[in-house]
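# What the coordinates show
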Protein chains: 2
Amino acid sequence: MDDPNDPQPGMPTVGLVGLGAMGIEVASNLLKKGFPVVGYDVRGAAYARFEAEGGHRANSPAEVGRQASVVIVFTVNAAQAESVLAGSDGILAAMGGSGVVALCCTALPEDVKRLGAMAAEQGVSLLDSPVSGGTAGAAAGTLTIMAAGPKDAYENTQPVFEAFGANLYHLGEEWGLGSTMKMVNQLLVGVHIAAACEAVAFGARAGIDPALLFEIVGKSAGSSWAFKDRVPRILAADYAPPRSAVNIFVKDLGIVLDTARGMTFPLPLAGSAYQQFVAASAAGWGNEDDSSVVRLYQRIADIPLPKKD
Amino acid sequence: MDDPNDPQPGMPTVGLVGLGAMGIEVASNLLKKGFPVVGYDVRGAAYARFEAEGGHRANSPAEVGRQASVVIVFTVNAAQAESVLAGSDGILAAMGGSGVVALCCTALPEDVKRLGAMAAEQGVSLLDSPVSGGTAGAAAGTLTIMAAGPKDAYENTQPVFEAFGANLYHLGEEWGLGSTMKMVNQLLVGVHIAAACEAVAFGARAGIDPALLFEIVGKSAGSSWAFKDRVPRILAADYAPPRSAVNIFVKDLGIVLDTARGMTFPLPLAGSAYQQFVAASAAGWGNEDDSSVVRLYQRIADIPLPKKD
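No experiment lies behind these values; they were computed from the predicted model shown. (Residues numbered from 1 in each chain as written. Chains lettered and ligands numbered in written order. Predicted model: local features only at pLDDT ≥ 70, side-chain atom pairs only at ≥ 80, totals over all residues. Heavy atoms only, no water.)

## Focus: the environment of Glu288 of chain B
Residues and elements named next belong to chain B. Take Glu288: it is sitting in the loop between α13 (268-285) and α14 (293-301). According to the relative accessible area criterion, Glu288 is buried, its value standing at 19%. Residues Glu288 and Leu31, 257 residues apart in the sequence, show an inter-C-alpha distance of 31 Å. With near-sequence residues (within four places) excluded, Glu288 lies in contact with Tyr239, Ala240, Pro242, Ser244, Ala245, Val246, Arg295 and Lys308. A polar contact of 2.9 Å, which involves the side chain of Glu288, links it to the side chain of Arg295. (Helix = DSSP H or I, 4+ residues; strand = E, 2+ residues; numbered from the N terminus. Buried < 20%, exposed > 50% of the residue type's maximum accessible area, 1.4 Å probe, protein only. Contact = heavy atoms within 4.5 Å. Polar contact = N/O pair within 3.5 Å; in protein donor to acceptor, adjacent residues only side chain to side chain.)

## Here we look at the interface of chain A and chain B
Facing 60 residues of chain A, the contacting portion of chain B comprises 60 residues. The contact between chain A and chain B buries some 5,200 Å² in all, and 76% of this surface belongs to carbon and sulfur atoms. At the boundary of chain A and chain B, one finds 18 residue pairs in polar contact (both at pLDDT 80 or more). Elements that contribute at least two residues to the side of chain A that touches chain B include exactly β8 (143-147), β9 (165-170), α9 (177-205), α10 (210-218), α11 (225-235), α12 (246-262), α13 (268-285) and α14 (293-301) of chain A. For the side of chain A that touches chain B, the element with the highest residue contribution is α9 of chain A, accounting for 20 residues. Here the residues of the side of chain A that touches chain B sort into 40 nonpolar, 16 polar and four charged. (Buried area = accessible area lost by both parts, 1.4 Å probe. Nonpolar A, V, L, I, M, F, W, Y, C, P; charged D, E, K, R; others polar.)

## Focus: the side chain of Ser292 of chain A
Residue and element names in this part refer to chain A. Residue position: Ser292 is located in the loop between α13 and α14. Judged by its relative accessible area of 0%, Ser292 is buried. One polar contact links the side chain of Ser292 to the main-chain carbonyl oxygen of Asp289, over a distance of 2.8 Å. The contact partners of Ser292, leaving out residues within four places of it in the chain, are Tyr239, Val246, Ala280 and Trp285.

As structure tokens, then:
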């Protein structure tokens, strides 16, 4: 019997740039579905699992561009994406005037528009395709993918997206719509995390057992995806290493607020949540879990929550 | 065959005071489970459905207290509850020195403590037992009930609670713990509704189709119970009559913030959300649906959302 992880005949080689926490899971799912995958990451340590699962290591972004007609970019931000896409030894120049680059990072719509135009100049179709679902969703292959860009490029890339996403959406041809949709989602996640921390801290201060509070809210109208995902970390005082760091939301809500300012649009709740993540970063927890927002209340008022040793 | 709505032999008569949107559904579930129910409401119009379903109309709160050993109070707030409980013609004096009063409204913990002591003086056990799940949960009999008060009173009342609640919790003997837990839940619901309105308005202003935004967030990390419940009302511009009025959250978040101030505890997100409900009330929508917070953005910036004619 064939090893299901062997590349299937006729399946196109997929490029994957950025083998971090999410990228490595996406690569793993692509390999499981039989796609040959060529990967690149600036950190050499990122290749160990990738190569063990059958991925092919590239020595440069250009090498990815030469070998793949579809390149998935899972860098942390648009600046990192630009550094691998642009220039004479970048991905775009190496793709030979055709193919698709799917940009999966959270970025400013204006940056994505610029990168889309840059790709088009090289004959490459860019998809503005951020995702939601985190590392767990990436591992399970159940990410939500919010794509914008040329419709034919989206349709041709669907089989690749289906290898790691369960909910695929095409928001329109205009670059930036995917990133805007991701921002709307991050606005909600950020507010919900800050609200979860505020609610748990308030309840604990008022004498409610935090574990019981968690169970009751989960069965009540106050529930949210973020509450159910983050509060168990508070109950376990499990802040480091982070599942998702405080500074990610300093960045993401910063992008949301910068964009809204550019549109002259008020976002009072996002602004309030942003300040909580900035405060948690100021307290020294920028690289610890984003549920560390609750520790602000512990530090201020010594509320009865589980503590780190 | 017996009519299942007929009172079953041996089932105790339950009193129900406050036959509003939720109270009438709770009465209906009690009657369906075979409890004889004696009800009272200040508004005569409230009795039509109650009596049609087999409920017995009382002419005063005292009449309820005389006929029932368990009285469920579904008034809008603690002041209304006090007006039916206290005094020589109130429920407590009429109960003859025994029985249980379950207070299901959202109230300040300090008010509940006072009412609990007042009941105890008359030999009646008060349960501080607010609920979550709204009219829909009341109709389905799936409310979450967050009770505090004497444990034996809670245990004796469980069969009655099970007629309209699916998730029952006893938070402790101390009156106020149930109300505090409800406040924690309302803090989250209020913040989530204001955030949902902010996110939909921001997305619409940035060119995202609101119906698509609703679908994508529902499958993403930004989802919440409140988002899924309220945003369909925005998509239908269905603000009146309200499912839950703006002024309910002006009241409930006001209670949360008053309590936190009494504890000297900061709640930045709840404060920000509160101001949005106050603004919606200032705009004239206090008695319309709480999703009207999104109309603030329409009024300010004419965003492309469905409008009322």
